[in-house]
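# Structure assessment
For reference, the chains in residue letters:
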Amino acid sequence: MAPDVRTKNDATDQESSRPEARPELSRQISGLDALELGGETRRNPAARAWSAVWPMASAVAIALLAWQVVVWSGWKPSYVLPGPADTLPELGRQVTTGSFWGAVGLTMQRAVLGFAVSVLVGTVVGALVTQSSVLRRAVGSLITGLQTMPSIAWFPLAILLFQLSEQAILFVVVLGAAPSIANGLIAGVDYTPPILLRAGKVMGLRGLNLYRHLVLPASLPSFVAGLKQGWAFAWRSLMAGELLVVISSHTSLGVLLSQAREFSQTDAMISYMIVILVIGIVMDRLFGLVDDAIRTRWGLAGD
Amino acid sequence: MTQAVQAAASRTVPSGAAVRLDGVSKAFGPLLALDDVSLTVGPGEFVCLLGASGCGKSTLLNLVAALDRPSAGTIDTAGRRVALMFQEPALFPWLTVTANIELALKARGVPRAERRGRAAELLALVHLAGFERKRPHQLSGGMRQRVALARALALTIDAEPAGKDRAGTLLLMDEPFGALDAMTRDLLHDEIERIWRERNLSVLFVTHNVREAVRLGDRVVLLSSRPGRVVEEFPVPLDRPRRIDSPEVAALAGTITDRLREEVGRHGA
Ligand SMILES: Nc1ncnc2c1ncn2[C@@H]1O[C@H](COP(=O)(O)OP(=O)(O)OP(=O)(O)O)[C@@H](O)[C@H]1O
Ligand SMILES: [Mg+2]
């Protein structure tokens, strides 16, 4: 409580001194409130790390075991389906080469660019749709339709329009990801709890302030869910694109993957697949962390 | 306290009602929630609204706050600013307790430098000092209600210098103390009464608790069961400060309760 505020306004001064009028009662009530809050439980970090790691580690171990069992069964010769014992060293060798990281870099660069453009397009389209009932009727269901369309179906058109180029890949990635992002935003705005909108109206929040202080924060969880789904679609579209749209001298993960198939280097091929999978999982976890952080902050987390 | 009473008696209030409802009806489709309600809250008056559950009290407050339109009739608040405390806390879950209140202060034009201090005062007033950094979901139901009360009170603050002829805000409260223990509630009755006087507010206060209505109101208005109609108005001729457990309050509350029972019994299922 700043002293300058007090001197300005007598009523303010009375207010702040008033609750002490019945100090013993106030203290009792504060004591009751402190009880209500209870203590927060904290586990030690090692235990927390372990509880996060062991389920994942077990899942990986089970997957490797299943793979090994299939190989042991002799279903396919080992040059067609190598086991983990052959593949993992190959993966280890790959990750020490510069060309591998160059390919990963190019792929990630495309992914990030494609995702960024998707976020921009999705957010703008989503925002426009929430603002206009005409637009909503016109493109609302179209967006959902686009969302369900397999993005690989866009490639023939993309290649006709942009030839075998970066733009062709970008085009399909954006078409794959933007609808999810737009839908996330639209759903978030639509499902802003009416009682909060009423509270905002009573406060006199209007126009830009209403959006800044109420509608946007209220739609954040849904928007982040849209981003997460948008990323998954962007990543899938990008992999499809890199397999179909091979641009010479642009060595990407997709190119490495199809080259490995052409040269029957199955161990390398499976290594690249593992890398693609791991990148997907890591990115999904990142979005998951953001999502969890929001839910915990808002008290939406189920525990 | 005595001084405050005299100050209240001698204060100048602008003429004209704080809010005047004239033949107001509200239908939700086929369901008639309010039927031809006429009701006035004078400037600086504290009016309590009693009625059975579902008789349209919240609906009436929503109409006065212009969150909804009446199906018939007129509502005139003479350009007054209206603050409403909802039946639910309706706090913003993404903001801390103090940020919820500071946002209301910001919306009322309180300069940034003053907001933190004012929010702290309001929280002290509802006995939640020390909970500034918590989020709504970390509080109990009663504590959330008190934050909502602090936020509604923040909306009665005038950023502009108060002139004698300036009309105070019309404060609408929808069962603000429903979830509180008796001890906290009694304390908050004192605070509400004091702020009502200091800020020259006009108050329309919904409650199910007849004694509470008599404790606080200049007048108690009884609504019938659905559709809501004004059945009877009881002036409360008791001197302030009143005590909720005083015999005078109990006596009048008894009379009103009898009338309320009759009303609920007549329409009740
Ligand atoms: N938006 C709405 N749509 C349809 N019916 C509504 C709506 N709002 C309220 N009602 C109905 O209007 C009637 C009055 O509701 P209201 O919430 O005003 O009652 P209340 O007097 O505040 O009750 P309580 O004391 O339980 O809070 C109820 O029958 C309710 O079902
Ligand atoms: Mg109600």
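The shown structure was predicted, so the numbers you read here are calculated from the model rather than taken from an experiment. (Residues numbered from 1 in each chain as written. Chains lettered and ligands numbered in written order. Predicted model: local features only at pLDDT ≥ 70, side-chain atom pairs only at ≥ 80, totals over all residues. Heavy atoms only, no water.)

Let us now look at the packing of aromatic side chains. Under the counting rule described, the total for this entry stands at 12 aromatic pairs over all chains. With 5.5 Å between their ring centres and 80 degrees between their planes, Phe115 of chain A and Trp231 of chain A make a pair best called edge-to-face. Of this pair, Phe115 of chain A sits in helix H6 (residues 98–131) while Trp231 of chain A is found in helix H11 (residues 207–244), placing the two residues 116 residues apart along the sequence. Assessed through its relative accessible area of 4%, Trp231 of chain A is described here as buried. Between Phe46 of chain B and Trp196 of chain B the ring centres are 5.4 Å apart and the planes differ by 85 degrees, which places this aromatic pair in the edge-to-face class. You can see Phe46 of chain B sitting in strand S3 (residues 46–50) and its partner Trp196 of chain B sitting in helix H6 (residues 182–198), a full 150 residues away along the chain. Relative accessible area serves as the criterion here: at 0%, Phe46 of chain B is assigned to the buried category. Relative accessible area serves as the criterion here: at 4%, Trp196 of chain B is assigned to the buried category. A network of ring pairs unites the aromatic residues Phe115, Trp231, Trp235 and Phe287 of chain A as a single cluster. A cation over an aromatic ring shows up here: Lys76 of chain A above the ring of Trp75 of chain A, its NZ or CZ 5.0 Å from the ring centre. A cation sits over an aromatic face here: Arg151 of chain B above Phe92 of chain B, 5.7 Å from the ring centre. (Phe/Tyr/Trp six-rings, centres within 6.5 Å; stacked < 30°, edge-to-face > 60°. Helix = DSSP H or I, 4+ residues; strand = E, 2+ residues; numbered from the N terminus. Buried < 20%, exposed > 50% of the residue type's maximum accessible area, 1.4 Å probe, protein only. Lys NZ or Arg CZ within 6 Å of the ring centre and 35° of its normal.)

Bringing the UniProt feature "domain: ABC transmembrane type-1" (unreviewed entry) in chain A into the picture now. Taking the UniProt record as the reference, the feature "domain: ABC transmembrane type-1" (unreviewed entry) is found at residues 104–287 of chain A. With 85% helix and 0% strand, the stretch residues 104–287 of chain A has end C-alpha atoms that lie 20 Å from each other. (UniProt positions renumbered as here; feature names shortened; annotations may be inferred.)

Residues and elements named next belong to chain B. Read across the open sheet, the six strands follow the order S5-S6-S7-S3-S8-S9; overall the sheet is mixed. Since the sheet does not close on itself, it has two edges, and those belong to strand S5 (82–85) and strand S9 (230–235), each with one partner. The mean angle between the axes of side-by-side strands here comes to 15 degrees, regardless of whether they run parallel or antiparallel. Packed onto the sheet, helix H2 (residues 57–64) meets S3, S5, strand S6 (170–174), strand S7 (202–207) and strand S8 (219–223) and runs at close to 155 degrees relative to S6. Helix-sheet contacts for helix H5 (residues 141–154) involve S5 and S6, and the interaxial angle to S5 is about 180 degrees. (Pairing = 2+ DSSP bridges. Axes fitted to C-alpha atoms, helices over the stretch in contact; angles between N-to-C directions. Contact = heavy atoms within 4.5 Å.)

This paragraph deals with the coordination of the magnesium ion (ligand 2). Residues and elements named next belong to chain B. The coordination sphere of the magnesium ion (ligand 2) contains the protein donors Ser58 (OG) and Gln87 (OE1), at a distance range of 1.9 to 2.2 Å. Pair noted here: Ser58 is in helix H2 and Gln87 is in the loop between S5 and helix H3 (97–107), with a separation of 29 residues, a long-range link. Take Ser58: its relative accessible area is 24%, and that puts it in the partly exposed class. Residue class for Gln87 comes out partly exposed when judged on its relative accessible area of 37%. (Donors = N, O, S within 2.8 Å, 3.2 Å for Na, K, Ca; no water.)

So, on to the UniProt feature "transmembrane region" (unreviewed entry) in chain A. Residues and elements named next belong to chain A. Mapped onto the present numbering, the UniProt feature "transmembrane region" (unreviewed entry) falls at residues 52–75, 111–130, 142–162, 168–189, 210–227 and 269–290. With 100% helix and 0% strand, residues 168–189 has its two end C-alpha atoms placed 32 Å apart. Secondary structure within residues 210–227 divides into 100% helix and 0% strand; the distance between the first and last C-alpha atoms comes to 23 Å.

Turning our attention to the site of ligand 1. Residue and element names in this part refer to chain B. If you check the shell around ligand 1, you find 14 residues, and the closest are Ser53, Gly54, Lys57, Ser58 and Thr59. Here Ser53 contributes a side-chain N or O atom positioned 2.6 Å from an oxygen atom of ligand 1. Between ligand 1 and Glu175, the relevant distance is 3.3 Å, taken from an oxygen atom to a side-chain nitrogen or oxygen of the residue. Computed on the free molecule, ligand 1 has an accessible area of 630 Å², of which 63% lies beneath the protein chains in the complex. Only strand S2 (31–41) and H2 provide two or more residues apiece to the shell around ligand 1. When residues in the shell around ligand 1 are grouped by element, the largest group, three residues, is from H2. The class makeup of the residues in the shell around ligand 1 is four nonpolar, seven polar and three charged. (Near = heavy atom within 4 Å. Polar contact = N/O pair within 3.5 Å; in protein donor to acceptor, adjacent residues only side chain to side chain. Areas by Shrake-Rupley, 256 points an atom, 1.4 Å probe, with all protein chains shown as cover. Nonpolar A, V, L, I, M, F, W, Y, C, P; charged D, E, K, R; others polar.)

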